[in-house]
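Remarks on the overall topology
Spelled out, the chains give:
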Amino acid sequence: MEAKEKIKALRETLEQHNYNYYVLSAPTISDREFDGLMKELQLLEEQFPEYADPHSPTQRVGSDLSKEFEQVVHQYPMLSLGNTYSEEEVKDFYERIARELNEPFEIVAELKYDGTSISLIYEEGRLVRAVTRGDGTRGDDVTANVKTIRSIPLKLRGEYPATFEIRGEVLLPWAEFDRLNKEREEQEEPLFANPRNAASGTLKQQNPAIVAARKLDAYLYYVLGEELPTNTHYGNLEAARSWGFKIPDVISVCKSLQDIYDYIARWDVERKKLPVATDGIVLKVNSLRQQKHLGFTSKSPRWAIAYKFQAERAVTRLNSVSFQVGRTGAITPVANLEPVLLAGTTVKRASLHNADIIEGLDLHLGDNVYVEKGGEIIPKIVGVDLESRSLLIGDKVRFIRTCPECGTQLVRPEGEAAHYCPNESGCPPQIKGKIEHFVTRKAMNINIGPETVEDLYEAGYVKNTADLYTLKVGDLLRLERWAEKSARNLMASLEESKQVPFERVLYGLGIRYVGETVAKRLASAFLNMEQLSKASLEELTAVDEIGERIAQSVIRYFADEKNQQLVNRLKEYGLQMAIAEDKLANRSEKLKGLTIVISGTFSKHSRDEYKAMIEQHGGKNSGSVSSKTHYILAGENMGPAKLEKASKLGVKIISEDEFLNMIAE
Ligand code: IVH
């Protein structure tokens, strides 16, 4: 078969499997077979860049190019919905519609999904743009990110209007939300309070590869356009389902107020079994003609309304507030409550997040507080029952000024909500946390758990990570639960850790914001600890995906003399402080000092390979053309914007062959 046809066939097959998997939830091949087909297509597309297509299923994995978002004006403003909270208010809505229409009508009942709304524009059956709600009039163009959402079709099936818009909700399913927060907890990054925040935060990521990894989903609920297939809302959603969209199948046409009440009663219970968060139902007049007759207010349609489910709430007494210190010194305030039953579980504690939240609630000890479990997993305090505050009002809850563990004055970095204990090398939970992190499998892979760390610390044998390497069998035998054999095992494990590659040693140091991926990037950019420790802000931020926040944190780490001493000791004990020789072998400085932008598609190597070659030869790869760019390595179909900018700035454009010559012997 011709490459072109083969590519076409693979794309169609993969789209069909995507649809089976993500929309129908009924896959017909294994993940492994799917990955195999995808790989085959990727290889062919690399070999034949002339057949590149931005709508190919391979584009869903997310390119790692970062872009600023462009703002786009919505063709139809994205309005909100009026809220109701009781059956009484639903009845008022229903009766108003009946009065104003004065003819028979139907109401479509749907679930109200609790994510972040998105507007998708299709032209000739292809997704051309995806825009966030923004301020309702204009939003951010997040097309690259949205393309990574597998349930959103890039190409439509069947017969569809030439142009139309479809709106829906981008959601992070509960299971993904839990996984993501667990990962963030391990990295001591701030947790997402609920799937809604996680979804909107993810959609605003600058790096589509990160978005792709988070497995967002999208449910669509509103088709707009001048040439729609039917004259009912329900009919258009059905049609959209046949074009390949994920339209919830729990929508229902109600012919009476009782039908609506039944729907509410049923779904307030059933919704808890759904894989995504919902916070109410939405009622919409079905006929488009009737919708038009009813019209809009400046804020919302007069033909639709939301009914919000009652968040589960309880009242209980605030007994005390405690403050916990994490591995990086972040302080978490926790409310200790009189145990109370809420949404099926007993709640004893609630997170208070930070000082501003405490201040905002004006909490006093002994207050009766309202606790809610809405979209949040961790219950939160939403208010104080002021009426019940007795004359003997308790002490006002104030955020602590000094560390509860070591007494050091706390700091609050500018622009952050959290307080930190800065005594990184002297504060017990921070020390123990750092050692626990250092020994984990992804870092030094030393065979001990938190309990042993605690024992070693309490016994005074280990006060920092370097002390681990001074341990002797005799020390361990003096501790409880240790026998000769396990002590020798630990010695062997410590010895083995001296072969752990540099990037994992770097990760193991536990520098704030330096997770696994960042550690890898830093290791390959700076080659060894020595150079990394001397890197300036400019040098650090010049590395792909290293932003100011990470750079500052690295600088802060190495500016601390105690950290320098620690690293020096680890070096003396024989840990890997540079990337391995064989990785260094093919390096040169032929491109030293040169900044090169890659643009277009190539035939001899992939973009990633060219990127690696630039770095390998000491050059810097950058995503955008500026006055600092020395060369543009241009393949076919270089973007017109880049071309124009390059000629304006007089940046030299080189071909694949010219580039390969530059780095050849
Ligand atoms: S229809 C003009 N249907 O709720 C009508 N909205 O407060 C536009 N939402 O911004 C919205 N589920 O993000 C509609 N089934 C549903 C919905 C839904 C969730 C969100 C949407 C919108 C907000 C309105």
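See the structure above.
What comes next concerns the included structure. (Residues numbered from 1 in each chain as written. Predicted model: local features only at pLDDT ≥ 70, side-chain atom pairs only at ≥ 80, totals over all residues. Heavy atoms only, no water.)

As for the overall build of the protein
Within the protein, the secondary structure is distributed over 25 helices and 20 strands. Taken along its principal axes, the extent of the C-alpha atoms in the protein is 90 × 80 × 50 Å. Contacts in the protein between residues at least 24 apart in sequence constitute 67% of all its contacts with a sequence separation of at least 6. Entry remark: accessible area of the protein is about 33,700 Å², with carbon and sulfur atoms responsible for 49%. (Helix = DSSP H or I, 4+ residues; strand = E, 2+ residues; numbered from the N terminus. Contact = heavy atoms within 4.5 Å. Areas by Shrake-Rupley, 256 points an atom, 1.4 Å probe, with all protein chains shown as cover.)

What about the pairing of strand β5 (residues 126-132)?
Note that strand β4 (residues 116-123) and β5 share six bridges and pair antiparallel. Counted as the bridge partner of S119 is V131 from β5. Here β4 hands over to β5 after two residues, with E124 in that stretch at a positive phi of 50°. (Pairing = 2+ DSSP bridges.)

What about the site of the ligand?
Around the ligand, the neighbouring residues are L81, E110, L111, K112, Y113, S117, E169, Y221, Y222, V282, K284 and P301. Within the side chain of E110, one N or O atom sits 2.8 Å away from a nitrogen atom of the ligand. Between the ligand and the protein, one listed contact pairs an oxygen atom with a side-chain N or O atom of Y221 at 3.2 Å. Look at the ligand: alone it shows 520 Å² of surface, and the protein chains cover 91% of it. Those elements giving two or more residues to the shell around the ligand turn out to be β3 (107-113), β8 (217-224) and β10 (278-285). The leading source of residues in the shell around the ligand is β3, at four residues. (Near = heavy atom within 4 Å. Polar contact = N/O pair within 3.5 Å; in protein donor to acceptor, adjacent residues only side chain to side chain.)

A few points about the sheet that holds strand β2 (residues 83-84)
If you walk across this open sheet you meet the five strands as β2-β11-β10-β3-β9, and the pairing is mixed. Both outer strands of the open sheet, β2 and β9 (252-254), are each paired with one neighbouring strand and no more. Judged from the five bridges that link them, β10 and strand β11 (residues 304-308) form a sheet pairing that is antiparallel. The residue bridging G280 from the neighbouring strand is K308, located in β11. Relative to β11, helix α3 (residues 87-101) is tilted by about 170°, and along the sheet it contacts β2, β3, β10 and β11. Contacting β3, β9 and β10, helix α8 (residues 233-243) runs over the sheet at an angle of about 55° to β3. (Axes fitted to C-alpha atoms, helices over the stretch in contact; angles between N-to-C directions.)

Describing the environment of Q16
Structurally, Q16 can be placed in helix α1 (residues 3-23). Spatially, the C-alpha atom of Q16 lies 9.9 Å from that of R157, the residues being 141 residues apart in sequence. In this structure the side chain of Q16 is engaged in a polar contact, spanning 3.2 Å, whose partner is the side chain of R157.

Side note on the sheet that holds strand β20 (residues 652-654)
One open sheet holds the four strands; their spatial order is β18-β17-β19-β20, and the pairing between them is parallel. The open sheet terminates on both sides in strands that have one partner only, identified here as β18 (620-622) and β20. Here the strands of the sheet are splayed against their neighbours by 35° on average, with no regard to which way each runs. Examined bridge by bridge, strand β17 (residues 595-599) and strand β19 (residues 631-634) share four bridges and lie parallel to one another.

Concerning the nonpolar core
The nonpolar side chains of a soluble globular protein tend to be buried with one another. Judged by nonpolar contacts, the single largest core of 56 residues is most densely connected at I446, L468 and L522. If we skip the residues at most four places from it in the chain, L522 touches L506, V514, L527, L532, L540, I546 and V554. Of all hydrophobic cores here, the second largest spans 35 residues; its members include A130, L154, A199 and V211. (Core = buried A, V, L, I, M, F, W, Y, C linked by side-chain atoms within 4.5 Å. Buried < 20%, exposed > 50% of the residue type's maximum accessible area, 1.4 Å probe, protein only.)

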